[in-house]
Amino acid sequence: VMPLGLQPRDFNGMTILSDEFSPMAVGIGGGFIAMGEVKQLEQALRSVDAKDAAGLGDDASFKSSMSLMPKDGVVGAWWGDFARQMEGTAEMFDMMTQQFAGVVGADEETEMPGLGIGLDDADGFYKLMKPEVVKRCFGDAIMDVTSTNAGYSMRYRILPAATK
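Let us look at the structure shown here. Here, residues in each chain are numbered from 1, in the same order as that chain's written sequence. Only residues with pLDDT of 70 or above have their local features reported here, since the model is predicted, and side-chain atom pairs are shown and tallied only from 80 upward, although totals for entire chains, interfaces and linings are computed over all residues. Remark: hydrogens and water are excluded; side-chain values derive from all non-hydrogen atoms of the structure.

Bridging between strand β6 (residues 138-148) and strand β7 (residues 151-160) involves nine bridges; their strand directions are antiparallel. Looking across to β7, one finds that isoleucine 142 is bridged to arginine 157. By the convention used here, strands pair only if DSSP detects at least 2 bridges between them. Working definition: helices are DSSP H or I runs of at least four residues, strands are E runs of at least two. Numbering for both runs from the N terminus.

Have a look at this one:
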């Protein structure tokens, strides 16, 4: 049994740690550790295992993003689709708003604690975070963790939108 209730299972000779309740899982294989939804992890592990198929190394967006990483001292790196990340954040925020409204019997004008906006104002956030809108404004997101004399330093960057 793994921490947080995650159970290991074999996937093409690699390992996915997940549970039936959480959308997040951990995949380990091909010298990599990845975190995300199970479907995404399966695809990532397939690309690590695919001998004759195009992998991330052939993806122009991935190569362009990774070229911006520091060349020395990197102990961890992450690359992601920012539009998809924001879509998930908007869905989670929408779910939290609905739960808040249900628990306190709120209506559209009830202010959300800590945000200073009414429930009806939150609808604009969801419309703004549609993937096609976010993709017009932002590119991929990358993060690097580097070793320093004082420990570790993490840098998260959102890249400019791709130009056509």
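Attention now moves to the side chain of threonine 146. Along the chain, threonine 146 falls in strand β6. Owing to a relative accessible area of 14%, threonine 146 belongs among the buried residues under this scheme. We call two residues contacting when some pair of their heavy atoms lies within 4.5 Å. If we skip the residues at most four places from it in the chain, threonine 146 touches Pro70, Asp72, Gly73, Val74, Val75, Gly151, Tyr152 and Ser153. The rule is simple: take the accessible area with a 1.4 Å probe, protein chains only, and divide by the maximum for that residue type; under 20% is buried, over 50% is exposed, in between is partly exposed.

Moving on to the side chain of serine 18. Relative to the helices and strands, serine 18 is located in strand β2 (residues 14-18). Dropping the residues within four chain positions of it, serine 18 is found in contact with Gly5, Leu6, Gln7, Arg9, Ala25 and Val38.

Within the secondary structure, glycine 30 sits in the loop between β3 (24-29) and β4 (32-37). Placed 17 residues apart in sequence, glycine 30 and glycine 13 show a C-alpha to C-alpha distance of 9.7 Å. Not counting the four nearest positions on each side in its chain, glycine 30 is found in contact with Met14 and Val48.

Salt bridges are defined as contacts in which a side-chain nitrogen from Lys or Arg sits within 4 Å of a carboxyl oxygen from Asp or Glu. For the structure on display, the rule yields four salt bridges. Glutamate 42 is the partner of arginine 9 in a salt bridge, and the nearest nitrogen-oxygen pair spans 2.7 Å. Residue arginine 9 is located in strand β1 (residues 7-11), and its partner glutamate 42 is located in helix α1 (residues 38-49); the two are separated by 33 residues in the primary sequence. A relative accessible area of 31% places arginine 9 in the partly exposed class.

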